[in-house]
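# Remarks on the overall topology
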Amino acid sequence: MHSSQHDETRERRRAAEIAGRLLDWYAESARDLPWRRTRDPYRIWVSEIMLQQTRVETVIPYFERWMKQFPTLEALAAAPQEEVLKAWEGLGYYARARNLHAAVQEVVARYGGEVPDDPEAVASLKGVGPYTAGAILSIAFNRPVPAVDGNVLRVMARLYAIADDIARPATRRVVEELVRAMIPPGRASEFNQALMDLGAVICTPRRPRCLLCPVRELCEAWKAGRVGELPVKGRARAPRPVERVAAWVEQEGRLLIVRRPQEGLLAGLWELPGGDVPAGLAPEETLRTLLRDALGAEVEVGEHLVDVRHVFTHLVWHVRCYRAALAPGCKVAEGEEVRWVAPEALGEYAFPAIYNKLLGLIRADR
Ligand code: SF4
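Since the structure is predicted, the reported quantities are computational estimates derived from the model, not experimental observations. (Residues numbered from 1 in each chain as written. Predicted model: local features only at pLDDT ≥ 70, side-chain atom pairs only at ≥ 80, totals over all residues.)

## Re the overall build of the protein chain
Assigned secondary structure in the protein chain consists of 14 helices and seven strands. Taken along its principal axes, the extent of the C-alpha atoms in the protein chain is 90 × 45 × 30 Å. Considering only contacts within the protein chain whose residues lie at least 6 apart along the sequence, 67% involve residues at least 24 apart. (Helix = DSSP H or I, 4+ residues; strand = E, 2+ residues; numbered from the N terminus. Contact = placed C-beta atoms within 7 Å.)

## Brief notes about the site of the ligand
Taken together, 14 residues sit near the ligand, with Arg 158, Cys 203, Cys 210, Cys 213 and Cys 219 positioned nearest. Secondary structure elements with two or more residues in the shell around the ligand: helix H9 (150–159) and helix H12 (220–223). At three residues, H9 tops the list of elements feeding residues into the shell around the ligand. Split into classes, the residues belonging to the shell around the ligand amount to 12 nonpolar, no polar and two charged. (Near = placed C-beta within 6 Å. Nonpolar A, V, L, I, M, F, W, Y, C, P; charged D, E, K, R; others polar.)

## Thoughts on the domain arrangement of the protein chain
In terms of domain boundaries, the protein chain breaks down into domain 1 (3–229) and domain 2 (240–364). Facing nine residues of domain 1, the contacting portion of domain 2 comprises seven residues. Broken down by element, the side of domain 1 that touches domain 2 gets its largest block of residues, four residues, from helix H5 (residues 81–88). Tallied by class, residues from the side of domain 1 that touches domain 2 come to two nonpolar, three polar and four charged. (Domains from an automatic or database assignment.)

## Re the nonpolar core
Residues Leu 22, Ile 136, Val 152, Met 156, Leu 195, Ala 247 and Leu 358 are the most contacted members of the largest nonpolar core, which totals 95 residues. The greatest single-element share of this core, amounting to seven residues, is contributed by helix H2 (residues 41–51). Each of domain 1 (3–229) and domain 2 (240–364) accounts for three or more of the residues forming this core. What Met 156 contacts, discounting residues up to four positions off in sequence, is Ile 162, Val 175, Leu 178 and Val 179. (Core = buried A, V, L, I, M, F, W, Y, C linked by C-beta atoms within 7 Å. Buried ≥ 20, exposed ≤ 12 C-beta atoms within 10 Å, placed from the backbone.)

## Section: the packing of H2 against helix H8 (residues 130–141)
Direction vectors running N to C along H2 and H8 enclose 145 degrees, while the axes themselves pass 9 Å from each other. H2 and H8 meet at a crossing whose hand is right-handed. Seen from H2, the contacting residues are Pro 41, Ile 44, Trp 45, Glu 48 and Ile 49; seen from H8, they are Thr 132, Ala 135, Ile 136, Ile 139 and Ala 140. Looking at the contact of H2 with H8, its residues break down into eight nonpolar, one polar and one charged. (Axes fitted to C-alpha atoms, helices over the stretch in contact; angles between N-to-C directions. Left-handed = near helix turned anticlockwise from the far one by under 90°.)

## Thoughts on H2
Within H2, 11 of the 11 residues are buried, which leaves it mostly tucked inside the rest of the structure. Taken as a whole, H2 has its buried residues at Pro 41, Tyr 42, Arg 43, Ile 44, Trp 45, Val 46, Ser 47, Glu 48, Ile 49, Met 50 and Leu 51. The inward-facing, buried residues of H2 abut helix H3 (56–69), helix H4 (73–78), helix H6 (95–111) and H8.

## A closer look at unusual backbone geometry
Pro 231 follows Leu 230 through a cis peptide bond whose omega is 0 degrees. Summarising the element assignment, Pro 231 is placed in the loop between H12 and strand S1 (240–251). One non-glycine residue, Ala 161, lies in positive phi territory at about 45 degrees. Residue placement: Ala 161 occurs in the loop between H9 and helix H10 (169–182).

## Here's the deal with the environment of His 304
Mapped onto the secondary structure, His 304 falls in strand S5 (residues 299–311). As a C-alpha pair, His 304 and Ala 324 span 20 residues in sequence and 9.3 Å in three-dimensional space. With near-sequence residues (within four places) excluded, His 304 lies in contact with Arg 320 and Tyr 322.

## What about the pairing of S1?
Across 10 bridges, the pairing between S1 and strand S6 (residues 315–326) is parallel. When the sheet's bridge partners are listed, Glu 243 is paired in S6 with His 318. Sheet analysis places S1 next to strand S4 (residues 274–276), joined by three bridges and oriented antiparallel. Note that in S4 the partner of Arg 244 across the bridge is Asp 276. Relative to strand S2 (residues 254–259), S1 runs antiparallel, the two sharing two bridges. When the bridges of S2 are listed, Glu 250 appears paired with Leu 255. Counted between consecutive antiparallel strands, the loop separating S1 from S2 contains two residues, among which Glu 252 sits at a positive phi close to 45 degrees. (Pairing = 2+ DSSP bridges.)

Structure below.
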């Protein structure tokens, strides 16, 4: 046999051996997760979106509540956005919820409420990237497509001793093709989940448990003593700090809240009136200007109540909150984007985590 053919055969055998061991291991030790008790593509889709930037333990109670509140794709599609954002409150990265909501509405409108099992149709849904499309297609429909997330990239970089930066799209494509070739016929659903589980439970980012690993003898990184140096990951940039101000405006026991724009960070969520403070400007002065521009209100800025901080992927918000009072004779009317809310009714509005923290701190203080 020609030597490259020989190599190819050996590679295929090795891939099949890895896959077989992973499937055996998974049959024994798959994690019992609520979305694994089903092949319902809607449930699998929701779980994958929730899991994108959030830990499994955090997701489980949200997922269970969500399925009680929106048991079917149609139920979610028909729900008002406010209710969907409220159910998502605390999970963060709200664009996920808004995109999911828009995408299930599209499934109802275009596909009669059935999640399509066609790769192109799934990949074109809002908020569904290559990983999520792969996960839905393989887990729900057993289609032999890769589902490569950060866990799978790490595992494969180690198994194959790939020293390229896993943050690069080219590396991801290489890994996708390796996974595609490794999927055992008819077993895509379990295989992809087995790879994800191996990454989550055994081949973890720090201190992988190689001694318990079912594919240790086949792992290039292990054999070469390079587990500690793989995968290689380009350094992420530090999040950019943003100074913000917010006003606590209370009148007759009601608090003034405003809704964020429908586009951009934390779109559609509620917050206290205020905004970004440009570099070099005083926060109190900025707050007066912001409230005048946004609400047509003249305010007197009072005591500084509290500071809170929140780290997003690319930003760090630092919010200074002041008590403020409307100038005599000045009124702010309620509307779609503006509300005066009694303390006991605040829970009906979806706030970003940082504002929930801020409200909690101020109320605890009183
Ligand atoms: S042997 Fe270690 S590095 Fe290799 S796949 Fe298993 S856990 Fe990961």
